[in-house]
Amino acid sequence: MNKKYAVSVRPDEHSYEIRDRIEKVLTENGYERDDENPSVVFTVGGDGTFLYAVHQYLDKLENVCFYGLHTGTLGFYTDYRDSDFDEFMDFFLKGKVTETDYPLLEIHTETQSFYALNEVRVENAARTQKMNVYINDRLFETYRGTGMCLATQLGSTAYNRSLGGAVIQEGLDVVEMSEIAGIHHIKFRSLGSPIILKSTARVTWESESFQGALLGVDAEVYPLDDVKRIDICESPVMRVRMLRGRKIRYLDRLQSLF
Ligand code: NAP
């Protein structure tokens, strides 16, 4: 790894202060700031800041790894809080961190492609969204409601959890699809509960019209007015490389959040 770094920071005074301390230590150790072509991106803030940084460097993922410090709780993309600053830097400078990579979801509409680390979702606040849901090219159900969400294992604690989806333990190679306010009555019924699928599953959401709906990809949203089909799979190539510091048990991480 060369000594080029960048820092993505949550815009608040405390996070700026931590960023300045990181920069000072890195400069003293011969590192050079390079926002265009860093080999490591430090993230200071929360899981949201980490997501933002990943999207910022999406076209450079092969050459970049991410190392996160949380200025609140523990977080799922970060192993350190601000009170652990010295250990955070020490692990990095002494090469005690280990690199782990995580898959992204790959999303294709007829005209565009997107990548998600937490989840992809379709949400229609304007009218009832009807869509056919295919799993591995086989029609699974016809759904009506506000929308659908497909989350990664890492994203299972984010929007997915608010939808009543299960939290998925680290290390399990699965994705999870959950309804967003599905409509179920005597004439019409879809699965209703979240479904956990192998990460190799290919999911398609198809509709005669997604007019008024938005495609949510992590923190970003895109209009779907001219789209009829959304194909989602785990990307065979795009992965996010994270530097992990001290070992934290998944359940401890979970407890620190809730
Ligand atoms: P954001 O403010 O960056 O994030 C919203 C909250 O979700 C923050 O508290 C954030 O934690 C937390 N979060 C993000 N990824 C997480 C993960 N993998 N596990 C546990 N918590 C996580 O909001 P945004 O920029 O609009 O969207 C970013 C993400 O937020 C989305 O991918 C979505 O999953 C989530 N979100 C959830 C809801 C909901 O639950 N109703 C609504 C909107 C967005 P930090 O405080 O550590 O940053």
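Parameters at a glance
Residues numbered from 1 in each chain as written. Predicted model: local features only at pLDDT ≥ 70, side-chain atom pairs only at ≥ 80, totals over all residues. Heavy atoms only, no water. Helix = DSSP H or I, 4+ residues; strand = E, 2+ residues; numbered from the N terminus. Contact = heavy atoms within 4.5 Å. Polar contact = N/O pair within 3.5 Å; in protein donor to acceptor, adjacent residues only side chain to side chain. Domains from an automatic or database assignment. Buried area = accessible area lost by both parts, 1.4 Å probe. Salt bridge = Lys/Arg side-chain N within 4 Å of Asp/Glu carboxyl O. Nonpolar A, V, L, I, M, F, W, Y, C, P; charged D, E, K, R; others polar. Buried < 20%, exposed > 50% of the residue type's maximum accessible area, 1.4 Å probe, protein only. Phe/Tyr/Trp six-rings, centres within 6.5 Å; stacked < 30°, edge-to-face > 60°. Lys NZ or Arg CZ within 6 Å of the ring centre and 35° of its normal.

Another point: the environment of Asn132. Inspection of the secondary structure assignment puts Asn132 in strand E9 (residues 129–135). The spacing of Asn132 and Thr157 is 25 residues in sequence and 26 Å in space, taken between C-alpha atoms. Those residues in contact with Asn132, other than ones at most four positions away along the chain, are Leu139, Glu141, Thr142, Thr204, Trp205 and Glu206. At 2.8 Å, the side chain of Asn132 and the side chain of Thr142 are in polar contact.

Okay, the domain arrangement of the chain next. For the chain, the assigned domains are domain 1 (4–96) and domain 2 (104–237). Just the C-alpha atoms count here: the centres of domain 1 and domain 2 sit 30 Å apart. Each partner contributes to the interface: domain 1 provides eight residues, whereas domain 2 provides ten residues. The largest share of the area that domain 1 buries against domain 2 comes from Leu51, His55 and Tyr77, three residues that together contribute 61% of it. Where domain 1 touches domain 2, the interface holds zero salt bridges. The tally of links from domain 1 across to domain 2 stands at two residue pairs in polar contact (both at pLDDT 80 or more). Of the residues in the side of domain 1 that touches domain 2, the class split is seven nonpolar, one polar and no charged.

Moving on, we come to helix H2 (residues 47–56). Across the ten residues that make up H2, a large majority, seven, are buried. If you check which residues of H2 are buried, you get Asp47, Thr49, Phe50, Leu51, Ala53, Val54 and His55.

In this section: the packing of aromatic side chains. Counted under the stated rule, the structure contains 14 aromatic pairs. Ring geometry for Phe50 versus Phe66: centroids 5.7 Å apart, planes at 55°, classification tilted. On the criterion of sequence distance, the pair formed by Phe50 in helix H2 and Phe66 in strand E4 (residues 65–70) is long-range, its members being 16 residues apart. Classification of Phe66 by relative accessible area gives buried; the value is 0%. An aromatic cluster of three or more residues is present, and its members are Tyr5, Tyr31, Phe42, Tyr67, Tyr80, Phe88, Phe91 and Phe92. Its guanidinium or amino end placed over the ring of Phe85, Arg21 lies 4.1 Å from that ring's centre, counting from NZ or CZ. Over the ring of Phe91 we find Lys96, and its NZ or CZ is 4.7 Å from the ring centre.

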